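Letter by letter, the chains look like this.
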Amino acid sequence: MSATLPKLVIFDCDGVLVDTEGPVNEVIADSLTRYGLPVSAHECQELFVGGTIFGVHDEAKRRGADLPDNWVDETLLAIFARIESGVEVIDGILELLDRLDDLGIATAIASNGPMGKMERSLGPSGLWQRFEGRIYSREGFTPKPAPDMVLAAVKNAGVDVSEAVMIDDSANGCMAAVNAKVRAIGYAAEGQDASLQAVGAEVVTSINEIAGLIGL
């Protein structure tokens, strides 16, 4: 085994484990356009990746959207309904998880999304059950880029920060790892290489590159 072999690999959820970001951004774009801020799903991806629904609300209002008081709840319901219609597992994830399991390497999830959303997006593929008890969300911790979720995952796995790796597709997520002094790997599937590199992440464009990078 390589000397660089980690003892814990922490995954972001949306855009790393499952491809929810496209459908979610379509829902958000439709809603914001309806409330007076015409944006595309692609623009939402660029503006809001790695954030929270509350951050979307505040930024959209700042940009002139006339959002109702119940916008967050209304939009989450629409997002849940869209996710329940089916999302794809990111290519290479199941194989990577199998390899980590075979080597006895612990895994966890740290996401700025709510638990209900993750249960809906991860449940059909079995990923929700696979990570059960090791899923951290902004509902219990300060959202990324704060290191709180990452540090909790490290502590509960009983490892040192130097023995952990975080995989995230957003600058906020990679910053959370850097802030926790955990090795950050940025998954740049949407051309966000520069923003991930800027916060100190090692960048890959395919999940299949990760095994070699972490010494599996």
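Check the entry above for the structure.
Every chain's residues receive numbers from 1 upward, in the order its sequence appears when written. Local features in this predicted model are restricted to residues whose pLDDT is 70 or higher, and side-chain atom pairs enter the listing and the counts only when it is 80 or higher, whereas totals over whole chains, interfaces and linings include all residues. Working from all heavy atoms in the structure, the side-chain values ignore hydrogens and water.

**Thoughts on the overall build of the protein**
Our working definition: Runs of E in the DSSP output that reach at least two residues are strands. Runs of H or I that reach at least four are helices, and both are numbered from the N terminus. Every residue pair with non-hydrogen atoms within 4.5 Å of one another is taken to be in contact. Values of accessible area rely on a 1.4 Å probe in the Shrake-Rupley scheme; residue burial ignores everything except the protein chains shown.
Helix and strand counts for the protein stand at 11 helices and six strands. With the principal axes as the frame, the protein shows a C-alpha extent of 55 × 35 × 30 Å. The long-range share in the protein, meaning contacts at least 24 apart out of those at least 6 apart in sequence, stands at 65%. With the model as given, the accessible surface of the protein reaches about 9,700 Å², and the carbon-plus-sulfur share is 49%.

**Let's talk about the pattern of salt bridges**
We count it as follows: Salt bridge, as used here: a side-chain nitrogen of Lys or Arg that lies within 4 Å of a carboxyl oxygen of Asp or Glu. For every residue, the accessible area (1.4 Å probe, protein chains only) is compared with the maximum for its type, and the residue is labelled buried under 20%, exposed over 50%, or partly exposed between those bounds.
Counting across every chain of the model gives 11 salt bridges. Here Glu202 makes a salt bridge to Arg183, at a shortest N to O gap of 2.7 Å. Here the residue Glu202 occupies a position in strand β6 (residues 202-204), and Arg183 occupies one in strand β5 (residues 183-187), the gap between them amounting to 19 residues. Relative accessible area serves as the criterion here: at 31%, Glu202 is assigned to the partly exposed category.

**Description of helix α2 (residues 41-48)**
Stated precisely, the cut-off is as follows: The arc in question is the one spanned by the directions pointing from the helix axis to the C-beta atoms.
Considered for burial, the residues of α2 that qualify are Cys44, Gln45 and Phe48. Buried positions in α2, seen along its axis, are confined to an arc of 105 degrees and lie on one side of it. Facing away from the buried side of α2 by more than 90 degrees, the exposed set consists of His42 and Glu46.

**Describing the sheet that holds strand β2 (residues 106-111)**
Threshold: A pair of strands is labelled paired if DSSP reports no fewer than 2 bridges between them. Simply put, an axis is a line fit to the C-alpha atoms, just over the touching stretch for a helix, and the angle between two N-to-C directions goes from 0 to 180 degrees.
Strand order in the open sheet formed by six strands is β3-β2-β1-β4-β5-β6, and the pairing between neighbours is parallel. Whereas interior strands pair on both sides, the edge strands pair on one side only; in this sheet they are β3 (135-137) and β6. Neighbour-to-neighbour, the strand axes of this sheet turn through a mean angle of 25 degrees, independent of strand direction. Pairing geometry for strand β1 (residues 8-11) and β2, over four bridges, is parallel. Bridged to Phe11 within β2 is Ile109.

**A few points about the environment of Lys61**
The residue Lys61 is located in helix α3 (residues 53-62) in this model. For the pair Lys61 and Leu32, spaced 29 residues apart in the sequence, the C-alpha separation amounts to 9.5 Å.

**What to know about the packing of aromatic side chains**
Worth spelling out the cut-off: Paired rings are identified among Phe, Tyr and Trp, the last through its six-membered ring, by centres lying within 6.5 Å, and are further divided according to the angle between planes into stacked (under 30 degrees), edge-to-face (over 60) and tilted (the rest). Lysine NZ or arginine CZ positioned within 6 Å of the ring centre and within 35 degrees of the ring normal marks a charge as sitting over the ring.
Scanning the entire structure with this criterion turns up two aromatic pairs. Ring geometry for Phe11 versus Phe131: centroids 6.1 Å apart, planes at 75 degrees, classification edge-to-face. Of the two residues, Phe11 is situated in strand β1 and Phe131 in the loop between α7 (127-130) and β3; the sequence distance between them amounts to 120 residues. A residue is classified by how much of its surface remains accessible, and Phe11, at 1% relative accessible area, is buried. For Phe131, a relative accessible area of 0% translates into the label buried. The cationic tip of Arg120 hangs over the ring face of Phe80; the distance from NZ or CZ to the ring centre is 4.2 Å.

**Describing a negative patch on the surface**
Rule in force here: Put simply, a patch holds well-exposed residues, over 30% relative accessible area, that have no salt bridge, with like charges counted together within 9 Å and Val, Leu, Ile, Met, Phe, Trp or Tyr side chains within 5 Å. Residues counted as positive are Lys and Arg, residues counted as negative are Asp and Glu, and His and the chain ends are not counted. For charged residues, the charge sits on one atom: NZ in Lys, CZ in Arg, CG in Asp, CD in Glu.
Together, Asp19, Glu88, Asp91, Glu95 and Glu190 line one region of the surface with negative charge. Looking at the element boundaries, Glu95 is found in helix α5 (residues 93-102). Owing to a relative accessible area of 53%, Glu95 belongs among the exposed residues under this scheme.

**With respect to the pairing of strand β4 (residues 164-168)**
Across the five residues of β4, five count as buried, placing the element largely inside the fold. Side chains Ala164, Met166 and Asp168 of β4 all project onto a buried face; the interleaved residues Val165 and Ile167 project onto the opposite face, where all are buried too. Bridge count between β1 and β4: four bridges; the pairing is parallel. Within β4, the residue paired with Ile10 across the bridge is Met166. As paired elements, β4 and β5 share four bridges and run parallel to each other. Bridge pairing in β5 places Ile167 opposite Ile185.

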